[in-house]
Each structure stands twice: as structure tokens, then as C-alpha cells.
Amino acid sequence: MSGVLSSRQIQAMADSGAIQVAAPLSRNQIQPASLDLRLGSKAYRVRASFLPGKERGVRDILSALAYDEMSLEGEGAILERGCVYVVPLLENLSLGQDVSGAANPKSSTGRLDIFTRLITDRGERFDEVAPGYDGPLYAEVSPRSFSVRVRTGSRLNQLRFRARPAGAGGQSGFALSDAALAELHGKAPLVDGALNLRDGVVLRVALGAEAFGGIIGYRAQKHTDVIDVDRVGAYRVDDYWDELPARGGRLILDPGDFYILASRERLAIPPGLAAEMAPMDAAIGEFRVHYAGFFDPGFGAGPDGLPAARAVLEVRSREVPFILEDGQFIGRLVYERMAETPESLYGEEGLSNYQGQGLKLSKHFRIG
């Protein structure tokens, strides 16, 4: 067995004790190809982000860096924009030597511009869980655009498990080659137009007036009220976002501003595959795309099975203003094989807020 573990296999890990929980698993916490991780009962505000390194645990460093301890029980607490917090999670792991983990923010977390990364004891990289890891999990959380209210059980990031062939390291043992992707596309389309390949499926940004009725994106406002991450459909769009009208197929990214854009391509992830958004080479521009990168099996498939959903792009310019042009390459999807096809795909049994999406903000906002 090798590849990304399915919901059934993740449940088996929980049943066997490889996943240990401080509170029973919640409804829909296990997704088709990942496990939602839940915040624990306390958050620690720290002076700076950190990694523990291979000799230390996270709590050893928290004792020196944390200067405020906050309870997340009951109504929870507000995490202030621009601050950094470390939160012990309700899930612990006891992995076998053939299983590793990779984390990413959930889609809704990325669309709120909440920068969150997974940390493990003795970890030397964010968002990675080494094979054989036995210990607690922590989330580093830093809201960038909006202050947010969270509580015990709030889900901000997710963990994907990979069973590794003997001797495989990183993602190299799983990522499909461009030749394999071209063959798959010939049998069942991965995108609705021409397939562009560059170590994965290349995506282009949609900035033309025809794409979304004249609106090509949203820019986060700088001074807003708090957003409760557990309230769905509770907030007006125009209280938090500025609409961006189409302007000749061009958008100038202002440094430090946060944008929600969308891909030109419509996607469909086949049932036996999972995908992850990876950035294009930094040489193509000084901007970051897509904080929340996991795409589950079944994402984007329309009633006829053809590609029907766009990739939503969470974009931030780095140090200088940068011009994006309609159709510019902006990211790529790296595909991996599932160890088995999930029993339920993305979009089935109420597992999705974003199936069939176009240009869509997070689930917290209502239109109209």
C-alpha cells in the first residue's frame, strides 16, 4: 500500500490508536483524503514564529517565548491581526515508520488570510510530520487581514497522510509525472481547456471582464470587525472586502494587500487522485499564491464528471507592486495517487462548501 490515505484508512488509524484524540472525533472531521485538526483549550501568544529543531519539544520553547496564555474554552478568544499564537491541538499521533503527514490550512482558513502552520516536537520543517512520529501536534496561527474569534474545537488546518514505499522520501515517491498527467487527461479531462504541464498542471489567473460578470476578485479591507471562524454565512461581503472590477485584463498587486482571485481553468480531481497547489518558480514574480493547497478526490467534478470548478487563489504581493495579466501562469497542481479510492468523494454527503465554485469567498460570507 502506498499513496495518500483515504477517509476509511484514516478512521482505521484512529481506531488503532495511531491517531489519538483528547475529545471524540467530530462529524465530518475526516475528509475524503485528510483529517481536520482541532484547536485545544489554550492558545499562547508568542513574540515570534519558531521551529523547535531536532533536539527540543515545542513546550520547551513556549516556556521561553510565550508571554500571554489564553483560554479557548466556552466562547473562545480573539486572535489579533498581526500577532502570532501557538495552540496545542486535540489530536496526537503515533505513526508507523511507513506513514508520514503533510499539513495545509483548510480552504476557509486560507480565504480568511489566516496564516497557520503545523509544528511537531523535534520538527525542523513546518507542516511536515516525520515517519514514525509519536507525540503532540501544535498549530502556529497568525491572522493577517482580520482578527478572528476561535474556540476549542475550531478547525483551521488539515493533515494528509501518506504511506510511503520503502526508501521513498518527501513527495518525490508520489507526484505524477507530466507524461502520466497527459495520459490521464486524454482519458478524462483534468481541466476544461488546453492542458499546460510544468511538473504538474499549470493554472492561469482569470482577470478578463467576461469571467465573473465584470468582477475579477476581492481585496481585503484593512480595518474591520472580528470574524468568528465557526459562524457560516454570518457576514456581509462589503463589510470586509472591496470588489475589484475588470480593468483591461490587468491587476496591480499592492504590497501587503490580500486578494482573492480565481483560475481561468475549471478543474476536476479524479476519484483515485489527490492534488496540492504548489507555487510557480519565484522567478516569475514577487507574489505568493494559495495558502490552502489541498484538493480532495472528486473536487470540481460536475454532474457529467467534467471539470466544473475553478481554483480560488489567495494572493499576496511581497515587497513591490506587481502587475498580473489575464492568463498569466500563477500556480500549478501537483497530483498524487490515493492508496485507495475514498468511499465518499468531495462534494458528496455534505462534505463540501466549495464544489462547483467560481470566484468564491470563504463560507463565512453571504451574498446580498
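Preceding this section is the structure that the text describes.
Residues numbered from 1 in each chain as written. Predicted model: local features only at pLDDT ≥ 70, side-chain atom pairs only at ≥ 80, totals over all residues. Heavy atoms only, no water.

A. Representation of the overall build of the chain in the model. Counting its regular elements, the chain contains four helices and 28 strands. A compact globule built from 368 residues would reach a C-alpha radius of gyration of about 21 Å, and the chain, at 20 Å, matches this within 12%. Seen through its principal axes, the chain has C-alpha atoms that stretch 55 × 50 × 40 Å. Considering only residue pairs separated by 6 or more positions, the chain has 80% of its internal contacts joining residues 24 or more positions apart. Roughly 15300 Å² of accessible area belongs to the chain as shown, and the carbon and sulfur atoms make up 46% of that amount. In the chain, 42 positive and 47 negative side-chain charges are present, and the distance between their average locations comes to 2 Å. (Helix = DSSP H or I, 4+ residues; strand = E, 2+ residues; numbered from the N terminus. Rg over C-alpha atoms; globule rule 2.2 N^0.38 Å. Contact = heavy atoms within 4.5 Å. Areas by Shrake-Rupley, 256 points an atom, 1.4 Å probe, with all protein chains shown as cover. Lys, Arg positive; Asp, Glu negative; His and termini not counted. Charge placed at Lys NZ, Arg CZ, Asp CG, Glu CD.)

B. Broad picture of the packing of aromatic side chains. Counting across every chain of the model gives nine aromatic pairs. Summarising the aromatic geometry, the rings of phenylalanine 146 and tyrosine 240 are spaced 5.7 Å apart at their centres and angled 80° between planes, so their arrangement reads as edge-to-face. In this pair, phenylalanine 146 sits in the loop between β12 (134–143) and β13 (148–150) while tyrosine 240 sits in the loop between β18 (235–236) and β19 (241–245), placing the two residues 94 residues apart along the sequence. Looking at phenylalanine 146, the relative accessible area reads 1%, which means it is buried. Between phenylalanine 146 and tryptophan 241, the ring centres sit 5.4 Å apart and the planes meet at 70°, which makes this aromatic pair edge-to-face. Of this pair, phenylalanine 146 sits in the loop between β12 and β13 while tryptophan 241 sits in strand β19, and the two are 95 residues apart along the sequence. Residues phenylalanine 146 and tryptophan 241 agree in their burial class; the two are buried. An aromatic cluster of at least three residues, connected via ring pairs, comprises Phe146, Tyr235, Tyr240, Trp241, Phe258 and Phe365. A cation sits over an aromatic face here: arginine 117 above phenylalanine 126, 3.5 Å from the ring centre. (Phe/Tyr/Trp six-rings, centres within 6.5 Å; stacked < 30°, edge-to-face > 60°. Buried < 20%, exposed > 50% of the residue type's maximum accessible area, 1.4 Å probe, protein only. Lys NZ or Arg CZ within 6 Å of the ring centre and 35° of its normal.)

C. Structural detail: the environment of proline 255. Looking at where proline 255 falls in the secondary structure, it is placed in the loop between β20 (250–253) and β21 (258–267). Overall, proline 255 belongs to the partly exposed group, its relative accessible area being 34%. Residues proline 255 and arginine 318 lie 63 residues apart in sequence; the distance between their C-alpha atoms is 5.5 Å. The contact partners of proline 255, leaving out residues within four places of it in the chain, are Ser317, Arg318, Glu319, Val320 and Pro321.

D. Geometry of the pattern of salt bridges. With the rule as written, the count across this model stands at 22 salt bridges. Note that aspartate 36 is salt-bridged to arginine 155, the shortest N-O span being 3.1 Å. Taken as a pair, aspartate 36 in strand β4 (residues 34–38) and arginine 155 in strand β14 (residues 155–163) lie far apart in primary sequence, 119 residues in all. Owing to a relative accessible area of 1%, aspartate 36 belongs among the buried residues under this scheme. (Salt bridge = Lys/Arg side-chain N within 4 Å of Asp/Glu carboxyl O.)

E. Local environment of the pairing of strand β25 (residues 309–317). For β25, the tally of buried residues reaches nine of nine residues, placing the bulk of the element in the interior. Here β21 pairs with β25 via seven bridges, running antiparallel. When the bridges of β25 are listed, tyrosine 259 appears paired with valine 315. (Pairing = 2+ DSSP bridges.)

F. Structural context of the sheet that holds β13. Taken in spatial order, the three strands of this open sheet run β7-β13-β17, and their pairing is mixed. A strand with exactly one partner marks an edge of an open sheet, and here the two such strands are β7 (77–79) and β17 (227–228). Two elements, β7 and β13, share three bridges in a ladder whose sense is antiparallel. The residue bridging leucine 79 from the neighbouring strand is valine 148, located in β13.

G. Spatial organisation of the side chain of glutamate 265. Mapping glutamate 265 onto the fold places it in strand β21. Assessed through its relative accessible area of 3%, glutamate 265 is described here as buried. Among the polar contacts listed, one links the side chain of glutamate 265 to the side chain of arginine 204, at a separation of 2.7 Å. For glutamate 265, the contacting residues outside a window of four places in its chain are Val191, Asp192, Val202, Leu203, Arg204, Ala309, Arg310 and Ala311. (Polar contact = N/O pair within 3.5 Å; in protein donor to acceptor, adjacent residues only side chain to side chain.)

H. Here's a closer look at the sheet that holds strand β24 (residues 294–295). The strand order across the open sheet built from four strands is β15-β27-β22-β24, with neighbouring strands paired in antiparallel fashion. Each having just a single partner strand, β15 (201–204) and β24 make up the two edges of the open sheet. Sheet topology note: the strand β22 (residues 273–278)/β24 ladder contains two bridges and is antiparallel. Counted as the bridge partner of alanine 275 is phenylalanine 295 from β24.

I. Layout of the pairing of strand β5 (residues 42–46). Two strands pair when backbone bridges link them, and β5 and strand β6 (residues 66–71) are joined in this way by five bridges, in the antiparallel orientation. Looking at β6, one finds that valine 46 is bridged to alanine 66. The sheet contact formed by β5 and strand β8 (residues 84–94) spans three bridges and is antiparallel. Its bridge partner being in β8, valine 46 is matched across the sheet by valine 84.

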